[in-house]
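Structure at a glance
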Amino acid sequence: MYRHNSIRLGFIAAVFLALFLRAGQPKAIGQTSSPGIDIFSGLDFNFKDMDFETQYKFLIRLTPGFKWNMGNHWQFAGQLQIPIVNQYGIDYSFVELRAFNVSKEFNIKSLYLKASLGAFSQNRYGLDLKAFLPVCDWFAFEGQAGYVGSVFLFPYWEIVAPNRFVGTIGGDIYLPRWNTQFRGVVGKYLYDDIGVEGEAMRHFNHTTISVYARWSNKFSFDGGFKVVIMLPPYRRTHRAVNIRPASNFRMAYTVMYRQLNNRMYFTDPEQNERDGWFSRDLLHWGSHNMEPDFIIKEKTKK
Amino acid sequence: MKHLYIIAALMLLWWLPQTVQAQQYTGISGLVHIPSAEMNHEGDAFIGAHFLNKAMTPDIGFLYQGEKYHTFDYYVSLTPFSWLEMSYVCTERIYRKDAQGNIVNWSKDRYASVKIRPLKEGKYHPAVAIGCNDVWTSAFFPDQHEVQLYFQNFYIAATKHFEFKGNELGLTLAYRHFYRDYNSKWNGIVGGITFRPSFFPQWRLMAEYTGNDFILGTDMLLWQHLRLQASVKDFKHFYGGVCLQFNLLGDKYLY
């Protein structure tokens, strides 16, 4: 069993290496992001009302992180999740590693790819590959595949070797006139469940609101709504080192409070449904064709 | 001097670019208790709370030791398109009182509402909307399925507005059916009248018949973001609500 996993791991690493080398060829590089380091923090806000003894229970965590944009869409990112208000119980009282990974975005003609290696959210680490293939202005295929293990920083260091393939595949429909997006995927998720998800999003100025439904063979049906608010200031100056608030506040409400179904990790510390997986200056599709949320002015030396 | 302050306040309100649509205790547009075919503006988002007099809550589900009680709800609602409104509402229920009769715990009933307007108001025809409150149940215990969906109802509504000398008169007629028998008193034909005076169009007066009760109400939008509503049933039972509203498309409306 162990040997089998090693062969699989080696094969995936080879594929990633090949993709990185392919991406290194000048013709394939989208090169408009300015290098720099961003240091930021946001809040991870959770509440639940599943307890008759209390109105709501809250879990609020600080999420300080950094992104080092190395140019050519290479990025090194890290993020911690530090509980500051915890009414959820001792399981949520520990500092968690939410991201510590290196990633690379690139395109091969109209196929956009993002490869990430390192630690992700949901206490996972490993390899991840995302793909996005716009077919026309209003339709695109998407897919994600990962090979992951578990990692915990606290209360004690624990690491489990990569042992699980996860992935989703599906499509996106975007209606530019109404800035409305429909997303549907099927997949195998972190808790070995196989499921399907559907989401309808309306993108407004600086805000995206969506309703979603999902089903998995282990944990049944769930649904709810999500809100993504891009946080001000919307005019920013880009320097070599930038200290700023998190780019967005994201909240997902679940009707049935099923914690485990259709669960997938995030690789980017500021990943959200509005921006999608890829940088705005690389992929010009969907909400990336709206007015940008942030007007970024380059700081030039006199 | 006091009158000068009032006049100044009214003039200030007059000059603010405002709009008034409707507000119900569900966050969906309508009059007070009855639905209408009016819609909020595309991109409108509401966060609000409403005091619910026990005279207007369902006869089952909002009882503690056999007695009805006043309660309140709170909601978020969104109009993603000019023809679609959605809301999510939590209505508080008393879960437990202590020996002195003080409320120790509240629980809540949660529900979603949706309204669709297939026909926009024209010069000669009314707007027509269909909708549903309390769309589905997620009851955890089998016996709850027998009584939950406290607010579920389906409706079709038509609304037409008439203007004369800058004043606006709105007529609404609707057919509504509640799912639970204990709400059947509100079934059937319901309707109402709204009036906006030309000298202060941000202000709206309402009179409605719910199928069982007569309600008089008024609402007003202040400073583009603060909406207030007050109403009285049968000249005895007070209702009231407040909500914050934002247009996520950044649009501002003159009435």
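Fair warning: this is a prediction, and the values are worked out from it, not measured in the lab. Sequence positions are assigned chain by chain, starting from 1 and proceeding in written order. Chain labels run from A onward and ligand labels from 1 onward, assigned in the order the entries are written. Reporting in this predicted model follows two pLDDT cut-offs: at least 70 for local features of residues, and 80 or more for side-chain atom pairs to be given and counted; totals over whole chains, interfaces and linings ignore these cut-offs and use all residues. Water and hydrogen atoms were dropped before computing side-chain values, which therefore reflect all heavy atoms in the structure.

**Focus: the overall build of chain A**
- Elements are defined by DSSP. Helices are runs of H or I of four residues or more, strands are runs of E of two residues or more, and each kind is numbered from the N terminus. Broken down by element type, chain A carries one helix and 18 strands.
- Relative accessible area decides the class of each residue, using a 1.4 Å probe on protein chains only: under 20% of the type maximum gives buried, over 50% gives exposed, and in between gives partly exposed. When the 302 residues of chain A are sorted by exposure, 47% land in the buried category.
- Pairs at least 24 apart in sequence give 52% of the contacts found in chain A among residues at least 6 apart.
- Areas reported here follow the Shrake-Rupley algorithm with a probe of radius 1.4 Å; residue values treat only the protein chains shown as occluding. Surface summary for chain A: the accessible area is close to 15300 Å², and the carbon and sulfur share equals 64%. Should any heavy atoms of two residues lie within 4.5 Å, those residues are counted as being in contact.

**What to know about the overall build of chain B**
- When helices and strands are tallied, chain B shows one helix and 14 strands.
- Buried positions account for 52% of the 255 residues belonging to chain B.
- Contacts in chain B between residues far apart in sequence, at least 24 positions, make up 52% of those at least 6 positions apart.
- Of the roughly 12200 Å² of accessible surface on chain B, 66% is carried by carbon and sulfur atoms.

**Focus on the packing of aromatic side chains**
- Only Phe, Tyr and Trp rings are paired, with Trp represented by its six-membered ring, and only when their centres lie within 6.5 Å; those with planes under 30 degrees apart are stacked, over 60 edge-to-face, the remainder tilted. Counted under the stated rule, the structure contains 34 aromatic pairs over all chains.
- On the basis of an interplanar angle of 70° and a centroid distance of 5.4 Å, the ring pair of A:F66 and A:F76 is categorised as edge-to-face. Linking A:F66 in strand β4 (residues 65–71) with A:F76 in strand β5 (residues 74–86), this pair joins segments that are ten residues apart in sequence.
- Since its relative accessible area comes to 26%, A:F66 is described here as partly exposed.
- An angle of 20° between the planes, with centres 6.2 Å apart, marks the rings of B:F51 and B:F238 as stacked. One end of the pair, B:F51, is in strand β1 (residues 44–52); the other, B:F238, is in strand β14 (residues 237–247), and 187 residues separate them in sequence.
- Of the aromatic side chains, those joined through ring pairs into one cluster are A:F45, A:F47, A:Y56, A:F58, A:F225, A:F249, A:Y253 and B:Y88.
- The residue whose ring lies beneath B:R93 is B:F62, and the NZ or CZ to ring-centre distance is 6.0 Å. A ring has a charge above it when a Lys NZ or an Arg CZ is no more than 6 Å from the ring centre and no more than 35 degrees off the ring normal.

**With respect to the confidence of the model for chain B**
- Of the residues in chain B, 86% reach a pLDDT of 70 or more, and the chain-wide mean stands at 86.
- Scored below 50 in pLDDT, residues 6–20 of chain B makes 33 contacts in the model with residues more than four places away or belonging to other chains. How sure the predictor is of each residue is captured by pLDDT, a score from 0 to 100.

**Section: the confidence of the model for chain A**
- For chain A, per-residue confidence averages 88 on the pLDDT scale, and 88% of positions sit at 70 or higher.
- Counted against residues more than four places away or in other chains, residues 15–32 of chain A, with its pLDDT under 50, gives 29 contacts.

**A short note on the interface of chain B and chain A**
- Counting residues at the interface gives 24 residues for chain B, matched by 20 residues for chain A.
- Take the accessible area each of two parts loses on contact, using a 1.4 Å probe, and add the two losses: that sum is the buried area. Buried area between chain B and chain A, both sides added, is near 1900 Å², and the carbon and sulfur share of it is 59%.
- The largest per-residue losses of area from chain B upon contact with chain A belong to B:F81, B:R110 and B:L248, which jointly make up 24% of the total buried on that side.
- Salt bridge, as applied in this entry: a Lys or Arg side-chain nitrogen positioned within 4 Å of an Asp or Glu carboxyl oxygen. Applying the counting criterion to the chain B and chain A interface returns one salt bridge.
- Between A:R202 and B:E42 there is a salt bridge, and its shortest N-O distance comes to 2.3 Å.
- In protein, a polar contact means a hydrogen-donor-capable atom and an acceptor-capable atom, both N or O and within 3.5 Å, with residues adjacent in sequence counting only if both atoms are side-chain atoms; elsewhere, any N or O pair within 3.5 Å suffices. At the surface where chain B touches chain A, the tally comes to eight residue pairs in polar contact (both at pLDDT 80 or more).
- Listed by contribution, the elements that provide at least two residues to the side of chain B that touches chain A are β4 (71–81), β5 (84–97) and β6 (103–119) of chain B.
- For the side of chain B that touches chain A, the element with the highest residue contribution is β5(B), accounting for six residues.

**Quick word on the sheet that holds β5(B)**
Residue and element names in this part refer to chain B.
- Strand order in the closed barrel made by the twelve strands is β1-β4-β5-β6-β7-β8-β9-β10-β11-β12-β13-β14, with antiparallel pairing throughout. Pairwise comparison of adjacent strand axes, ignoring direction, gives a mean angle of 20° for this sheet.
- The criterion for strand pairing is that DSSP finds at least two bridges linking the strands in question. Relative to strand β10 (residues 188–196), strand β9 (residues 167–178) runs antiparallel, the two being bridged by nine bridges. Residue pairing in the sheet places R176 in a bridge with G188 of β10. Structural elements are reduced to axes, namely lines fitted to C-alpha atoms, with helices fitted over the stretch in contact, and the angle between N-to-C directions of any two is expressed from 0 to 180 degrees.

**Considerations on the pairing of strand β7 (residues 127–133) of chain B**
All names here are of chain B.
- Of all seven residues making up β7, five are buried, and the element is well covered by its neighbours.
- Strand direction decides the pairing type here: β6 and β7, joined by four bridges, are antiparallel. Bridge pairing in β7 links V114 to C132.
- For β7 and strand β8 (residues 153–164), the ladder comprises seven bridges, and the chain directions are antiparallel. Considered in β8, the bridge of G131 is made with Y155.

**As for a nonpolar patch on the surface**
- Together, A:I169, A:V186, A:V196, A:W215, A:F221, B:V135 and B:W136 make up a nonpolar patch on the protein surface, roughly 630 Å² of accessible area in all.
- The class for A:I169 is exposed, based on a relative accessible area of 57%. Here the term patch refers to residues with relative accessible area over 30% and no salt bridge, with like charges joined within 9 Å and nonpolar side chains (Val, Leu, Ile, Met, Phe, Trp, Tyr) within 5 Å.

**Section: the side chain of B:R110**
- Here B:R110 is to be found in strand β6.
- A distance of 2.8 Å separates the side chain of B:R110 from the side chain of A:Y253, its partner in a polar contact.
- Within the structure, B:R110 has its side chain in polar contact with the backbone oxygen of A:V255 (distance 3.4 Å).

**Some remarks on the pattern of salt bridges**
- Tallying each qualifying case throughout the model produces 25 salt bridges over all chains.
- Two residues, A:R244 and A:E270, come together in a salt bridge whose shortest N-O distance is 2.9 Å. A residue pair is termed long-range when its members are at least 10 positions apart, and A:R244 in strand β16 (residues 241–245) and A:E270 in the loop between β17 (248–254) and β18 (295–298) qualify at 26 residues. Here A:R244 matches A:E270 in class, with each residue buried.
- B:D213 is the salt-bridge partner of B:K233, the closest N and O atoms lying 3.2 Å from each other. Residue B:K233 is located in strand β13 (residues 226–233), and its partner B:D213 is located in the loop between β11 (203–209) and β12 (214–222); the two are separated by 20 residues in the primary sequence. Like B:D213, B:K233 is buried.

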